Amino acid sequence: MSDFDYDLFVIGGGSGGVRAARVAAGEAGAKVALAEEDRYGGTCVIRGCVPKKLMVFASEYGTVAEDAKGYGWNIEAGSFDWGNFQQRLNAELDRLEGIYRNLLKNSGVTSYDARAKVKDAHTVELSSGETFTAKHILIATGGRPVRPEIPNAELGLVSDDIFHLETLPKSILIVGGGYIACEFACILNGLGVEVTQYYRGAQILRGFDEQARGLIAESMIENGVQLHCGTDIVEMRRATDEDLEGKSEAGVSMGASMQEMLADHSGGTPGEGPILVKGTNGDTKIYDQVFFATGRAPNTDDMGLEEAGVTLGRKGEIVVDDYSATAVPSIYAIGDVTDRVNLTPVAIREGMAFVETVFKDNPTKVDHELIPSAVFTQPEFGTVGLSEEDAAEQEPIEVYATSFRPMQTAFAGRPDRVMMKLVVSKETRKVLGCHIVAPNAGEMIQLAGIAVKMGATKEDFDRTVAVHPTMAEEMVTMRNPVRSA
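Treat the numbers as computed from the prediction; the structure is a model and nothing was measured.

(A) The arrangement of the layout of surface pockets in detail. For the second largest pocket, the calculated volume is near 370 Å³. Looking at the second largest pocket, it is lined by 14 residues, and the ones nearest its centre are L447, A448, A472, M475 and V476. Of the residues contributing to the lining of the second largest pocket, the split by class is eleven nonpolar, two polar and one charged.

Right, here's the structure in full:
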């Protein structure tokens, strides 16, 4: 008989924690408990990937009527009903949360709807007052969005808030240039919101391929996003009556939608009322909402981790080794709380590797190299491997790239452009990076990622017969490099 209440106690009911818990219980026969203080499914299912992607789908229907006319259809554009969409969205999230709960229950995992803290190397304390011992503890608490440290930052939204707005704002300022900022700029623009985006850097999507970043920025601007790079907030505050009446000395610009907004203000949490923002670019403007997408932090606050001997990094992340083990031999951590590669499939893979290592006597490292990913801007961006810039710093390369107007939207009269790009090692001929900016790029990069992960060469791509007529055929028909570095 075990000296512990459980073989494994998981703290966090997101995708990584749930996967680890149910596999340890269902396949390894471990006695497992899991505690979650909020909703099961975590950031991805409840506050991130899933609701965001459904919003992406919703935002893309705005151009359907106009495109259809180019193909001979007489379809009239309607209006977007946020309330109807939100009702259906919430119902879908409830359904998915139920699936997660049932997965745990059917695997024999005991669930506790409570906040959990680490009391010592083998003890977990719940907010309900209960205390349990466990041979192993797994931290899978994920991360959270954070606001910048500027005066009145609490007036702004973060990504968690977007899904709970009672009504859509008429105008919004999005602050940030990462994938979350850019995705929501495209989503809200597609839903009819007047979108302005500030990013303090020289170009959005820092760290990604430079050519892809440029094309996405151009497309966002062309589609109506007012993108200002090299720009940050100087001041933000709740707009006064004088500001709204144009009597202040602030030189306020209200934007195209402001008069309508004043007549029927669409507020939302947190706070109510328009927000005045002064930018480093000299603009002073009133927005219905400000949305900060300026970073995330690991959920490690007030969990008793350091007191138990767990080492935390500079950002509060849990420091782990290649096997997700912390400085305390009985405590492990996976997912965004470790700030390694913050993607849901990576957290799931880390959870599986943890079970293999701890419960199946099969020490397993997680391979964090060559992970495909997608940014759901409009157009989408799919990427795997090295950017052209990073590859060129590593070794001599050849770059194969093409940009063109895709058949479907070109026929309808839209100016949209797509890009396909391969970064190739001169010495080994291996494809070091693959970058696609196009509708459904995420679907394409998943399959391209297999080839890149296997070490495919440019000649392997060349030997593959094209599927015609498709956008993706360009990946196997680019014969001559456009440049070398």
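(B) Structural view of the pairing of strand β9 (residues 194–199). Of all six residues that make up β9, six are buried, and the element is covered over most of its length. Here β9 shows two buried faces, one formed by E194, T196 and Y198 and the other by V195, Q197 and Y199. When strand β8 (residues 171–175) meets β9, the two strands line up parallel, connected through five bridges. Of the residues in β9, the one forming a bridge with S171 is E194. Crossover β8 to β9 through helix α7 (residues 179–190) is right-handed. Crossover β9 to strand β10 (residues 226–229) through helix α8 (residues 210–222) is right-handed.

(C) Up close: the state of the cysteines. Inspection of the entire model under this criterion finds zero disulfides. For the unlinked cysteine C182, the closest cysteine sulfur is that of C186, found at 6.9 Å. On the accessibility criterion, C182 (0% relative accessible area) is buried.

(D) Representation of the pairing of strand β2 (residues 32–35) in the model. Judged by which residues are buried, β2 turns out to be covered on both faces: V32 and L34 on one side and A33 and A35 on the other are all buried. Looking at chain direction, strand β1 (residues 6–11) and β2 are connected through four bridges and run parallel. Bridge pairing in β2 links F9 to A33. At this point the chain moves from β1, through helix α1 (residues 15–26), to the parallel β2, and the crossover so formed is right-handed. Both β2 and strand β3 (residues 110–112) contribute to a ladder of three bridges, which runs parallel. The residue bridging L34 from the neighbouring strand is S111, located in β3.

Reading the values: rules and limits
Residues numbered from 1 in each chain as written. Predicted model: local features only at pLDDT ≥ 70, side-chain atom pairs only at ≥ 80, totals over all residues. Heavy atoms only, no water. 1 Å grid on protein atoms, 1.4 Å probe; cavity = no way out; pocket = protein on both sides within 12 Å on 5 of 7 lines; lining within 4 Å. Points joined across faces, edges and corners; volume = space filled by probe spheres on them. Nonpolar A, V, L, I, M, F, W, Y, C, P; charged D, E, K, R; others polar. Buried < 20%, exposed > 50% of the residue type's maximum accessible area, 1.4 Å probe, protein only. Helix = DSSP H or I, 4+ residues; strand = E, 2+ residues; numbered from the N terminus. Pairing = 2+ DSSP bridges. Right-handed = clockwise from strand over helix to strand, strands pointing away. Disulfide = S-S within 2.5 Å.

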